Every structure is written in C-alpha cells, then in structure tokens.
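# Chain and residue survey
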Amino acid sequence: MNKIPREHLVKLIEAGIQAPSADNGQPWKFKLLEDGFELWLDQDNMGLFFDVKQVATQISCGALIENVVTLANALGLATHIRYLNDSSDKFAVLTFKYLGGQEKVDIDDANQTIFGRCTDRSLFQFKKKIPDTLMAELASLVQSDEYCLHTYKSPKERKTIIQTVTATDTIRFIHERIHNDFYKVLRFGKTAEQTRDGLASATLGIESFMIPILQLLRPWKLAKLLNYIGLHHVMAFRGTWLPMKSAPEIVSIIHKGKADYVGSGRVMQRFWLQANKAGLSVQPLGALPLFLARLHQLQGEGFTPEQLKNFVALEEEFADITRGFNKGDDQLVMLFRLGYGKKQVIRSYRRDIESFLKSL
Ligand SMILES: Cc1cc2nc3c(=O)[nH]c(=O)nc-3n(C[C@H](O)[C@H](O)[C@H](O)COP(=O)(O)O)c2cc1C
C-alpha cells in the first residue's frame, strides 16, 4: 500500500475543516488510514430544520472535499474518492497517491486560499463595483453543462431577488423551530471561544448595540409576541434587505438536472475560494435554497399551508428572473452577495483537530 505520512494527512484534514458548514456546525469526523482517511458524518452537529435530508450537510461535505483536493494537488498528491451511498454515517473514503514528476503548485498559495476564505456578513461598499473581467473569471469556474452562475444585473432583477430573499427570511423569523435552532447555534460573548463552533455573535456583522437585543429575544414567546407588531420585518430588513442592497453583485449557482449536492458543494467552494482570493467579500444566503430543497424533497413538511403557498410564489418569481432555471428539475445550490467589505472580517472558530479524529 502507498503510505502517506501522518503529518500530510493531518494537514489535509486541517484544510478540509476550514470549509463552510451551515451555522458552523462542522458536522464531520475522520478516521485516519495508512494512505488516506475516512470522512464520517457527525450526527451530533447536524440535522437542524434547515438541514433537510442532509442537503446542507452534503453541500458542506462537498466544500470540505474541494479544500482537501486543492491542498492535495499542491502537495503533489492525486486524490481518489469513494462515496459510500449507504445508510451509515461513513460518508466517503479519500485515499492519496504521490504523483512522481508532477510540477507542484505553491503549497503556501493553496493554504492561503483555503484558510483565507470566510463569510462576511457586514455591509459592503455599494459604490465600489466589481470589475467585469473578475466576474467573468468567477463565472467560468462554475459554468458547465451541469452548472451555471446567474448574476442579477438589471434593476428589475435586482429588486426582485432582494424582495424574494427578504420575504423568505421574514418567514424564517416567524417560525418557532427555526427560531429555536438559531438560538441553539448562536454564541454570545466568550462562549464561541470555548465551544469553537456555532455562530459567534461578533461574526454576525451587526451593530454592537443589537447584540444584547438579540440576547433578549431568545424566548420564543417574546419573539412571537413582538412579531405581532412587526419584529420579523425589522429583523429581515436589517439582516437581509440592507446587506443585499449594499452588495454590488448578487449571484446564484444553479445545478441542472438530478440533484448532486456533494458535487454542487465542490463547485460552490471553488467559486468561493477564488472570489475571496481575488479580494472580494462573500456572504452565502442559504434560506431560499434550503427552503426550496425542503419544498421539493419533503413536500414542505414543517411549514403552514400559507407559508407553502408563499414559497411556491417565491420560487415562481425566482424562476422568472433566473434564466435557464427549470423549477421542476433544477436546484438552486446557493445565492451569494459579493462586494468589497468596509472593515476587517471577524473569523469564525473551528474545533480542535484532535476532536475530529475518530477512534474506532
Ligand atoms: C449550506 C450552507 C448554508 C449557509 N447559509 C448561510 C446563510 O444563510 N447566511 C450566512 O450568513 N451564512 C450562511 N452560511 C455560512 C456559514 O454560516 C459559515 O460557513 C460558517 O458559519 C463558518 O464560517 P466561515 O464561512 O466564515 O468559515 C452557510 C453555509 C453553508 C455551507
């Protein structure tokens, strides 16, 4: 067997866990092998309302695999991936082989790209436009027979996509399960430093005076009461409408045909890595893609008939402004807002590498 030094395997896993995951759940474990590692799902850190049929987890695993393959290439290693499509938590087996005589890519460059990627939830500099050449380069990373990158350029398209996503997020704030899930993953003060997962309040990109307000709104009964006087609209305005308005570009990644969320996660991550590397700030907007996945994969379980009617209308609006999106067959993988941030981004934490290594 082709033996790979443990330190290389650990470096590959360290690169992998820098991947984005829904609510920074980091839902994975690894078991080291002589020539690679097994990737396992960690049920304790997944399965929230948004993670319908593990769609969010699969996208995150795709992003993790893209990071690993990117670093493996730089180390002169070929990656072989075997997916386990069974019902166990063993997700995939990744093995590596040294490629003799292969010209190596710069390892520092690969590491900087992987460790430099992050989510920026702050308001962007609307007036600082993204060069068309850069947008074309990023689109070419996604574009294929299976994937396309749609940019919402015209004022009408922009207005509609901002309204559609804001309407989706408004539903997010009137939903008890989503509310409770959100507070499960929110980390105030120094808690995130200790747990090293979840959404640290400092990474939310909101004004510091809003953080104690957010803390006060934890009891669902209080939030529900305040929703009667429009709290959900205020939250969606500040949390979604304003950030989207501040972004010079809004894009979506569409996958055409039969769903492949792991492959889609890899394409998403390829795009995200290069966008950050080019100096752009990036925020994914996961609510619409994951609600639509729920609509199609679970017939909308967990929503009221009125909310479902709303989603059908929102999907209709989305399809109208997204050329080539066939709502019966295709999936919205992710929406992103892109631009130039105003300040240094506060990065999210990762759990310690040892905590991911599975002892079997
Ligand atoms: C499937 C998926 C959905 C996500 N949805 C959102 C979202 O709706 N809003 C947001 O701000 N971040 C979203 N994120 C980003 C994660 O919250 C983020 O990756 C995680 O907190 C780790 O932070 P990092 O990306 O800065 O490393 C999503 C990530 C994934 C993989």
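Quick look at the structure, then. (Residues numbered from 1 in each chain as written. Predicted model: local features only at pLDDT ≥ 70, side-chain atom pairs only at ≥ 80, totals over all residues. Heavy atoms only, no water.)

### Concerning the overall build of the protein chain
- Tallying secondary structure elements over the protein chain gives 14 helices and 10 strands in all.
- Computed over its C-alpha atoms, the radius of gyration of the protein chain comes to 20 Å, within 12% of the 21 Å expected for a compact globule of 360 residues.
- Reported as C-alpha extents along the three principal axes, the dimensions of the protein chain are approximately 65 × 45 × 40 Å.
- Buried residues in the protein chain amount to 52% of all 360 residues.
- With the model as given, the accessible surface of the protein chain reaches about 17,000 Å², and the carbon-plus-sulfur share is 53%.
- Put simply, the protein chain has 46 plus and 40 minus side-chain charges, and the middle of one group is 5 Å from the middle of the other. (Helix = DSSP H or I, 4+ residues; strand = E, 2+ residues; numbered from the N terminus. Rg over C-alpha atoms; globule rule 2.2 N^0.38 Å. Buried < 20%, exposed > 50% of the residue type's maximum accessible area, 1.4 Å probe, protein only. Areas by Shrake-Rupley, 256 points an atom, 1.4 Å probe, with all protein chains shown as cover. Lys, Arg positive; Asp, Glu negative; His and termini not counted. Charge placed at Lys NZ, Arg CZ, Asp CG, Glu CD.)

### Concerning unusual backbone geometry
- The backbone of Asp23 shows a phi angle near 55°, a positive value even though the residue is not glycine.
- Looking at where Asp23 falls in the secondary structure, it is placed in the loop between helix 1 (6–16) and strand 1 (28–32).
- Backbone geometry places Gln54, a non-glycine residue, at a positive phi of 60°.
- Of note, Gln54 is situated in the loop between strand 2 (36–41) and helix 2 (55–74).

### Topic: helix 10 (residues 231–245)
- Across its 15 residues, helix 10 extends 20 Å between first and last C-alpha, which sits within 8% of the 21 Å expected from 1.5 Å per residue.
- The largest bend in helix 10 comes to about 40°, at Phe237.
- Listing the buried residues of helix 10 in full gives Leu231, His232, Met235, Ala236, Arg238, Thr240, Pro243 and Met244.
- If you follow the buried residues of helix 10, they end up packed against helix 5 (155–173), helix 8 (210–216), helix 9 (220–227), strand 8 (249–255), strand 9 (281–285) and strand 10 (331–339). (Expected span 1.5 Å × (residues − 1). Bend = angle between axes of the 7 residues up to and from the residue. Contact = heavy atoms within 4.5 Å.)

### Comments concerning the sheet that holds strand 9
- One open sheet holds the four strands; their spatial order is 5-8-10-9, and the pairing between them is antiparallel. Bordering the open sheet on either side are strand 5 (147–151) and strand 9, each of which pairs with just one other strand. The sheet shows a mean angle of 25° between the axes of neighbouring strands, taken without regard to direction.
- On top of the sheet, helix 11 (residues 261–277) reaches strand 5, strand 8, strand 9 and strand 10; it is set at about 10° to strand 10, its chief contact. (Pairing = 2+ DSSP bridges. Axes fitted to C-alpha atoms, helices over the stretch in contact; angles between N-to-C directions.)

The analysis is restricted to geometry; functional conclusions fall outside its scope.
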